[in-house]
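Here is what each chain is made of, one letter per residue.
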Amino acid sequence: MYILELKKEKIIAIISELLKFVSEKKENYLEICKFLSTQSVNNSLLCENHLKSIFDIKENYNQICKYIYNNKNKKEIYDIEKMLTTCCKNKMRYKDLSDQLKIILHTEEKYYTLAQDLENAVDSYANIGQKIKTMVVGSSLEKALDVVLSNDDIITRTAKKYSIKKEFIQAIIFQEQRFYGIDDPIADSLVIQSNVYDNHLERFVDGNSLYLPSPVLGYRNDSSTGIGQIFAKTAINAINAHEGIEKYEVNSKTDIKLIWDKLQNAEFNIDTIGAVLLYKKKMLLEANDFSNHNLLKLYNGSGELAEKYGVVAEKYYNAFEVYNEE
């Protein structure tokens, strides 16, 4: 996962700096052992205390490496801090690196709190059918959260561009990715097949091909797609509203295909989430009916399913709001 791998890489980088002190000691230890192997027992006993101190540090080195690569819980991570104090003589450098480590550990703690809050929300929402269809394609909380956090820069820019709180975008992406089911790639596949059919049919009608394509069973030229699961028609309405002109025609097959293809790009899709949210927000404000819940609900549409969507997405919103606090 993005956040956990980032955390582990950073910890290892910091620890490696601190262990330079240990590696020097280890070299001394090996040299002394080699020298003492040629000396008398009495001479060896004279060096006992020095050897013991080096041996202790060597043990610390081994334990720290074990903690880094095999940690199972947060307590083991924090235990690294205790081990490091015995390995570092440069106190100023140690303090700097130790402070960095504490920041990472704090971020990790926030991550697990966020993950737990999201998991509780998911459990309150998911039914057996959703669990099955998402399990088939390997959707999970960890993967969905990874998509959100790894696109944080794009989400932050989009939120500023459309004057929308980033938690709205985070909540929507998490919901759509967590509940990405087997029906979603099937719908996308039908759009692709239908576009190919239209292209071959147009060539046949224009006399540029002798091949008459077979109709696509389940023909469709639009589907909710990409990170935010957005319909091309929905995107067109939102983009036109934001631009203040009819930049694309909502009933044009050419424009629908153009925007649908663009929605496959993560950055364009996330930007479009912002446009859709602003478009829906203005609708709610005009109706004097704006609330966090209603905006998240309207993103999904209307009716009972949209209401349920709004309830769980608002829980995600609240969890991300806490996570985003400095």
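Everything in this summary refers to the structure shown in the same document. Here the structure is a predicted model, which is why all the values come from computation and not from measurement.

### Structural notes on the overall build of the protein
Part 1: Helix and strand content of the protein: 15 helices and zero strands.
Part 2: Split into buried and exposed, the 326 residues of the protein put 42% on the buried side.
Part 3: Restricting the contact set of the protein to residue pairs at least 6 apart, pairs at least 24 apart contribute 68%.

### Some points on the nonpolar core
Considering soluble globular proteins, one finds that nonpolar side chains tend to be buried as a cluster.
Part 1: Leu 118, Leu 145, Ile 173, Phe 174, Leu 277 and Tyr 316 are the most contacted members of the largest nonpolar core, which totals 57 residues.
Part 2: The dominant element in this core, judged by the number of residues it contributes, is helix 15 (residues 304-324), at eight residues.
Part 3: Not counting residues up to four positions away in its chain, the partners in contact with Leu 277 are Ile 164, Phe 168, Ile 169, Ile 172, Leu 295 and Tyr 299.

### A short note on the pattern of salt bridges
Part 1: Summed over all chains, the structure comprises eight salt bridges.
Part 2: Across the salt bridge formed by Glu 267 and Arg 157, the nearest N and O atoms sit 3.0 Å from each other. Linking Glu 267 in helix 13 (residues 266-286) with Arg 157 in helix 8 (residues 152-162), this pair joins segments that are 110 residues apart in sequence.
Part 3: Note that Lys 161 and Asp 271 form a salt bridge whose closest N and O atoms lie 2.9 Å from each other.

### Points about unusual backbone geometry
Only a minority of non-glycine residues have a phi that is not negative, and only a minority of peptide bonds are not trans.
Part 1: Positive phi outside glycine occurs at Ser 163, with the angle close to 55°.
Part 2: Within the fold, Ser 163 resides in the loop between helix 8 and helix 9 (166-178).
Part 3: The backbone of Gln 229 shows a phi angle near 45°, a positive value even though the residue is not glycine.
Part 4: Along the chain, Gln 229 falls in the loop between helix 10 (183-205) and helix 11 (232-243).
Part 5: On the basis of relative accessibility, which here comes to 8%, the residue Gln 229 falls in the buried class.

### Focus: the packing of helix 14 (residues 292-300) against helix 15
Part 1: Interaxial distance between helix 14 and helix 15 falls to 7 Å at its minimum, and their mutual angle equals 125°. Judged by the inter-axis angle, helix 14 sits oblique to helix 15. Classified by chirality, the crossing of helix 15 by helix 14 is right-handed. Every residue of helix 15 that contacts helix 14 at Asn 292, His 293, Leu 296, Lys 297, Tyr 299 and Asn 300 is listed here: Leu 305, Ala 306, Glu 307, Tyr 309, Gly 310, Val 311, Ala 313, Glu 314 and Tyr 317.
Part 2: Of the residues assigned to the contact of helix 14 with helix 15, the class counts are eight nonpolar, four polar and three charged.

The rules behind each value
Residues numbered from 1 in each chain as written. Predicted model: local features only at pLDDT ≥ 70, side-chain atom pairs only at ≥ 80, totals over all residues. Heavy atoms only, no water. Helix = DSSP H or I, 4+ residues; strand = E, 2+ residues; numbered from the N terminus. Buried < 20%, exposed > 50% of the residue type's maximum accessible area, 1.4 Å probe, protein only. Contact = heavy atoms within 4.5 Å. Core = buried A, V, L, I, M, F, W, Y, C linked by side-chain atoms within 4.5 Å. Salt bridge = Lys/Arg side-chain N within 4 Å of Asp/Glu carboxyl O. Axes fitted to C-alpha atoms, helices over the stretch in contact; angles between N-to-C directions. Parallel < 35°, antiparallel > 145°, perpendicular 65-115°, else oblique. Left-handed = near helix turned anticlockwise from the far one by under 90°. Nonpolar A, V, L, I, M, F, W, Y, C, P; charged D, E, K, R; others polar.

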